[in-house]
Amino acid sequence: MFDEVWNGGYVITPVRDNQNQELAMGIASSLTLGMGGLEIPQKVRLSCYITDTPEDQEYNYRCVDIGIFLTDCSAQLIDPCWFGGPDFGCEIVSPNEPLTERIEFHAKLGTRELLIVDRDPWQLELLRLADGKLQSVGISSLEKAYTLSSQVIPFTFQLTAGEERPAILVGHAESKQSWRV
């Protein structure tokens, strides 16, 4: 469980169950491998904090499941939080999570793209920042296995059938490598 503070109010976020952790680790590992491993200047982070108040971080911050901060990212690390949004973020939806408010916060911080992994019902949605808002550019579901292509990082995402649960196919657009999460 990760705590968050929303405009001065302490928020206990929904428990990240094993499936949430499995998905986050699998997606983050795929992105790290596809971007050249840990030796590269880009930063792929699991469960990192982002804020809009660098001088008083404890007043307003959220924990993003996965954040990618490219070398020219406008966000600044002011430990323990990033002031500003990641270039690419991924949120894995937990039951009873206030998703709309979370998306609005990402938009306010300038997150350029946000991948939403929803497990009820299963679908992936890619949002892209335009005119200060994160807007949907596509949805991939089991019924419509559309491939979502990021414009920020060289990756694609698609929901596919799996044995025990749907799987996420993470593809590297340039090398054509792919990972099944």
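For the structure, check the block above.
This structure is a prediction, so every number in the text was calculated from the model and none was measured.

## Regarding unusual backbone geometry
Working step 1: Following Asp79, the chain continues into Pro80 via a peptide bond in cis, with omega recorded as 15°.
Working step 2: With respect to the helices and strands, Pro80 occurs in the loop between β5 (76-78) and β6 (81-83).
Working step 3: At the junction of Asp120 and Pro121, the peptide bond is cis and its omega measures out at -5° in the coordinates.
Working step 4: Position of Pro121 relative to the elements: it lies in the loop between β8 (113-119) and β9 (122-130).
Working step 5: The residue Asp131 is not glycine, and still its phi comes out positive at about 55°.
Working step 6: With respect to the element layout, Asp131 can be found in the loop between β9 and β10 (133-141).
Working step 7: With a relative accessible area of 80%, Asp131 lands in the exposed category.

## Some words on helix α2 (residues 99-109)
Working step 1: Regarding α2, the residues found buried are Arg102, Ile103, Phe105, His106, Ala107 and Leu109.
Working step 2: Immediately beyond the C-terminal end of α2, within one or two residues, lies Gly110, with a positive phi of roughly 85°.

## Digging into the pattern of salt bridges
Working step 1: Across all of its chains, the model carries six salt bridges by this definition.
Working step 2: Put simply, Lys108 and Asp52 hold a salt bridge, and the shortest N to O gap is 2.6 Å. Pair noted here: Lys108 is in helix α2 and Asp52 is in the loop between β3 (43-51) and β4 (61-69), with a separation of 56 residues, a long-range link.
Working step 3: Relative accessible area serves as the criterion here: at 57%, Lys108 is assigned to the exposed category.
Working step 4: Close ionic contact of Arg112 with Asp87 constitutes a salt bridge, the shortest N to O distance being 3.0 Å. Of this pair, Arg112 sits in the loop between α2 and β8 while Asp87 sits in the loop between β6 and β7 (88-92), and the two are 25 residues apart along the sequence.
Working step 5: Judged by its relative accessible area of 3%, Asp87 falls in the buried class.

## What to know about the sheet that holds strand β12 (residues 155-160)
Working step 1: Judged by pairing direction, the sheet is antiparallel, and its four strands sit side by side in the order β11-β12-β13-β14 without closing on themselves. Looking at the sheet topology across the chains shown, the edges are occupied by β11 (148-149) and β14 (178-180).
Working step 2: Relative to strand β13 (residues 167-172), helix α1 (residues 18-34) is tilted by about 10°, and along the sheet it contacts β12, β13 and β14.

## Digging into α1
Working step 1: A rise of 1.5 Å per residue sets the reference length of α1, with its 17 residues, at 24 Å; its end C-alpha atoms lie 24 Å apart and thus fit the reference within 8%.
Working step 2: Within α1, the full set of buried residues consists of Asn20, Leu23, Ala24, Gly26, Ile27, Ala28, Ser30, Leu31, Thr32 and Gly34.
Working step 3: The residue sitting at the N-terminus of α1 and contributing the capping side-chain oxygen is Asp17; that oxygen lies 3.3 Å from the backbone nitrogen of Gln19.

What counts as what
- Residues numbered from 1 in each chain as written.
- Predicted model: local features only at pLDDT ≥ 70, side-chain atom pairs only at ≥ 80, totals over all residues.
- Heavy atoms only, no water.
- Helix = DSSP H or I, 4+ residues; strand = E, 2+ residues; numbered from the N terminus.
- Buried < 20%, exposed > 50% of the residue type's maximum accessible area, 1.4 Å probe, protein only.
- Salt bridge = Lys/Arg side-chain N within 4 Å of Asp/Glu carboxyl O.
- Pairing = 2+ DSSP bridges.
- Contact = heavy atoms within 4.5 Å.
- Axes fitted to C-alpha atoms, helices over the stretch in contact; angles between N-to-C directions.
- Expected span 1.5 Å × (residues − 1).
- Polar contact = N/O pair within 3.5 Å; in protein donor to acceptor, adjacent residues only side chain to side chain.

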